[in-house]
Every structure is written in C-alpha cells, then in structure tokens.
Amino acid sequence: SYQARSQARCVSSAQALIDIYTSFCEIPSLKAYRWFQNGLGSFYAVHGAMTLAAHLMRKDLPAEEERQHYLSSFERFVQLFQHHSIGSEIATQAFPALMTIR
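Please read these numbers as outputs of a predicted model, since none were measured by experiment. (Residues numbered from 1 in each chain as written. Predicted model: local features only at pLDDT ≥ 70, side-chain atom pairs only at ≥ 80, totals over all residues. Heavy atoms only, no water.)

## Thoughts on the side chain of Gln-15
- Looking at the secondary structure, you find Gln-15 in helix 1 (residues 2-26).
- Residues contacting Gln-15, with those up to four places away along its chain left out, are Leu-52, His-69, Tyr-70 and Ser-73. (Helix = DSSP H or I, 4+ residues; strand = E, 2+ residues; numbered from the N terminus. Contact = heavy atoms within 4.5 Å.)

## Let's talk about the nonpolar core
- With 22 residues, the main nonpolar core has Tyr-21, Phe-74, Phe-77, Phe-81 and Leu-98 as its most contacted residues.
- Elements supplying a minimum of two residues to this core: helix 1, helix 3 (40-56), helix 4 (64-83) and helix 5 (89-101). (Core = buried A, V, L, I, M, F, W, Y, C linked by side-chain atoms within 4.5 Å. Buried < 20%, exposed > 50% of the residue type's maximum accessible area, 1.4 Å probe, protein only.)

## Here's the deal with the packing of aromatic side chains
- On inspection of all chains with the given rule, the structure shows seven aromatic pairs.
- The rings of Phe-24, Tyr-33, Trp-35 and Phe-36 are connected pair by pair, giving a single aromatic cluster. (Phe/Tyr/Trp six-rings, centres within 6.5 Å; stacked < 30°, edge-to-face > 60°.)

## Concerning the packing of helix 3 against helix 5
- Where helix 3 contacts helix 5, the axes come no closer than 10 Å and their chain directions differ by 10 degrees. Classed by the angle they form, the pair helix 3 and helix 5 counts as roughly parallel. Touching Ser-42, Phe-43, Val-46, Ala-49, Met-50 and Ala-53 of helix 3 are Ile-90, Ala-94, Ala-97, Leu-98 and Ile-101, all from helix 5.
- Tallied by class, the residues present in the contact of helix 3 with helix 5 amount to 10 nonpolar, one polar and no charged. (Axes fitted to C-alpha atoms, helices over the stretch in contact; angles between N-to-C directions. Parallel < 35°, antiparallel > 145°, perpendicular 65-115°, else oblique. Nonpolar A, V, L, I, M, F, W, Y, C, P; charged D, E, K, R; others polar.)

## Examining a nonpolar patch on the surface
- A surface patch of nonpolar side chains, amounting to about 270 Å² of accessible area, comprises Leu-40, Phe-43 and Tyr-44.
- Of note, Tyr-44 is situated in helix 3. (Patch = residues over 30% accessible without salt bridge, like charges linked within 9 Å, V, L, I, M, F, W, Y side chains within 5 Å. Areas by Shrake-Rupley, 256 points an atom, 1.4 Å probe, with all protein chains shown as cover. Salt bridge = Lys/Arg side-chain N within 4 Å of Asp/Glu carboxyl O.)

## Things to note about the pattern of salt bridges
- Counted by the stated rule, this structure contains two salt bridges.
- For Glu-26, the salt bridge is made with Arg-76, and the minimal N-O distance between the two is 2.6 Å. Here Glu-26, found in helix 1, pairs with Arg-76, found in helix 4; they are 50 residues apart in sequence, far enough to count as distant.
- Arg-76 gets classed as partly exposed once you look at its relative accessible area, which sits at 45%.
- The shortest N-O distance in the salt bridge between Asp-60 and Arg-58 comes to 3.0 Å.

## Focus on the confidence of the model for the protein
- For the protein, mean pLDDT is 89; residues scoring 70 or higher make up 99% of the total.
- Here helix 5 is the element of the protein with the lowest mean pLDDT, 86, and helix 3 is the one with the highest, 93. (pLDDT = per-residue confidence, 0-100.)

## Overview of the environment of Glu-75
- By secondary structure assignment, the location of Glu-75 is in helix 4.
- Sequence separation between Glu-75 and Arg-102 is 27 residues; the distance between their C-alpha atoms is 7.7 Å.

## A word on the environment of Leu-17
- Within the secondary structure layout, Leu-17 lies in helix 1.
- Once residues within four sequence positions are removed from consideration, Leu-17 is found in contact with Tyr-44, Ala-45 and Gly-48.

Next comes the structure, spelled out in structure tokens:
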C-alpha cells in the first residue's frame, strides 16, 4: 500500500540521518566539520531518532529482526549523542527528550 511504502521511506530516511551524524562523529577526517555536527547535523539527527522512536512504538511492526535493528540503532545514537553533546545547544536541549522516550 501507499501508506506502508511511505512509512518505509520515512524510516529509511531517518536511519540515513542518524548514519550521517554517526559518520561526522566517528570519521577523523570530518573533525573539521564539528560546527555542522554540533549545529544543523544534531538537529537533523534528532529528527531521525524521533522518527525511529515513533516507528519502534508501533504495535504492528512487521518483524522482531527489524525491531531489533532499529532499536539497536536508536540506542547507539543516544549514547553517541550524549558523548558528543558538549558544545551543542541543540543536543543539550534534545537529550532529555531522547532519554524520556528511550
């Protein structure tokens, strides 16, 4: 159905936002772009994480394997976000909300 395809694209995009943020945190050659990671990158990554969290709260999630994949990704993001939140106003404000829905 259209709705199922739309939801799948939304969740895929959310995962991509988290993956991009993770790359900025972990790849040494991207260290020069911490200004992006601490600003707009954090903003986008939080939106991705909230989308994944909403997806994980659905009762009709198709498979346990999918649920575990997204749950692992969300948990890893929260830990990484906490570690890199120093110096990011967005992260400082968003982290409590992430912990609440965790």
